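Next come the chains, spelled out residue by residue.
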Amino acid sequence: MFDNRIVPQAKQDVNPSASGAGQAPLDCLTAVQFADLYAHICSAGTFAGFSAVPWEELGMCSVIHEPTEEPDGLRIYLRDNWPVAVKEYDVGYRLMPGMITHRWQQN
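Chemist: Can you break down the pattern of salt bridges residue by residue, with the values?
Modeler: By the definition in use, this model includes 2 salt bridges. The partner of E88 in a salt bridge is R94, and the shortest N-O contact between them spans 2.9 Å. Taking relative accessible area as the criterion, R94 reaches 24% and is therefore assigned partly exposed.

Chemist: Kindly report on the nonpolar core, identifying the contributing residues and their values.
Modeler: A48, A52, V53, L58, C61, V63, Y77, V84, A85, Y93 and L95 form the largest nonpolar core, which has 11 residues in total. At the level of secondary structure, the elements contributing two or more residues to this core comprise β5 (82-88) and β6 (92-95).

Chemist: Which residues make up the environment of V91, and what values go with them?
Modeler: By secondary structure assignment, the location of V91 is in the loop between β5 and β6. Using a relative accessible area of 42% as the deciding quantity, one classes V91 as partly exposed. Beyond its immediate chain neighbours, meaning those up to four positions away, V91 contacts F47, G49 and F50.

Chemist: Tell me about the packing of aromatic side chains, residues and numbers included.
Modeler: Using the criterion set out here, one finds 2 aromatic pairs in the structure. The interplanar angle of 80° and the centroid separation of 5.9 Å between the aromatic rings of F50 and Y93 together place this pair among those described as edge-to-face. Taken together, the residues F50 in the loop between β2 (46-49) and α2 (55-58) and Y93 in strand β6 connect sequence positions 43 residues apart. Overall, Y93 belongs to the buried group, its relative accessible area being 7%. Summarising the aromatic geometry, the rings of Y77 and Y93 are spaced 6.1 Å apart at their centres and angled 50° between planes, so their arrangement reads as tilted. With Y77 in strand β4 (residues 75-79) and Y93 in strand β6, this residue pair connects regions lying 16 residues apart in the sequence.

Chemist: Quick one: what's the story with unusual backbone geometry, residue by residue and with numbers?
Modeler: In this structure, N81 takes a positive phi of about 70° despite not being glycine. Considering the arrangement of structural elements, one finds N81 in the loop between β4 and β5. Positive phi is not limited to glycine here, since D90 has a value of about 65°. Examined against the element boundaries, D90 turns out to sit in the loop between β5 and β6. Classification of D90 as exposed rests on a relative accessible area of 62%.

What counts as what
- Residues numbered from 1 in each chain as written.
- Predicted model: local features only at pLDDT ≥ 70, side-chain atom pairs only at ≥ 80, totals over all residues.
- Heavy atoms only, no water.
- Salt bridge = Lys/Arg side-chain N within 4 Å of Asp/Glu carboxyl O.
- Buried < 20%, exposed > 50% of the residue type's maximum accessible area, 1.4 Å probe, protein only.
- Core = buried A, V, L, I, M, F, W, Y, C linked by side-chain atoms within 4.5 Å.
- Helix = DSSP H or I, 4+ residues; strand = E, 2+ residues; numbered from the N terminus.
- Contact = heavy atoms within 4.5 Å.
- Phe/Tyr/Trp six-rings, centres within 6.5 Å; stacked < 30°, edge-to-face > 60°.

Written as structure tokens, this is what we have:
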């Protein structure tokens, strides 16, 4: 039986300044684990496009890149070791409720 609960990321960032913007990328998930986390964010989150996500908040997040050979794969953003958003190339962001400021909801 599989344990598929969503839990905080256990791996700590080693060198946060190495990524240039925010914390260092994390590449510790298998393709299946990444797909499960992506599916969870899509089912629980909302689509927000590109303009709804403040770069200041993304700079405070850790990044997990999709384990693929494609140069523009998905990116999952973690804040305080919890998944908060996913960036889909040429589509936009999907956000977990209440985790990242929604600029489009502040108007």
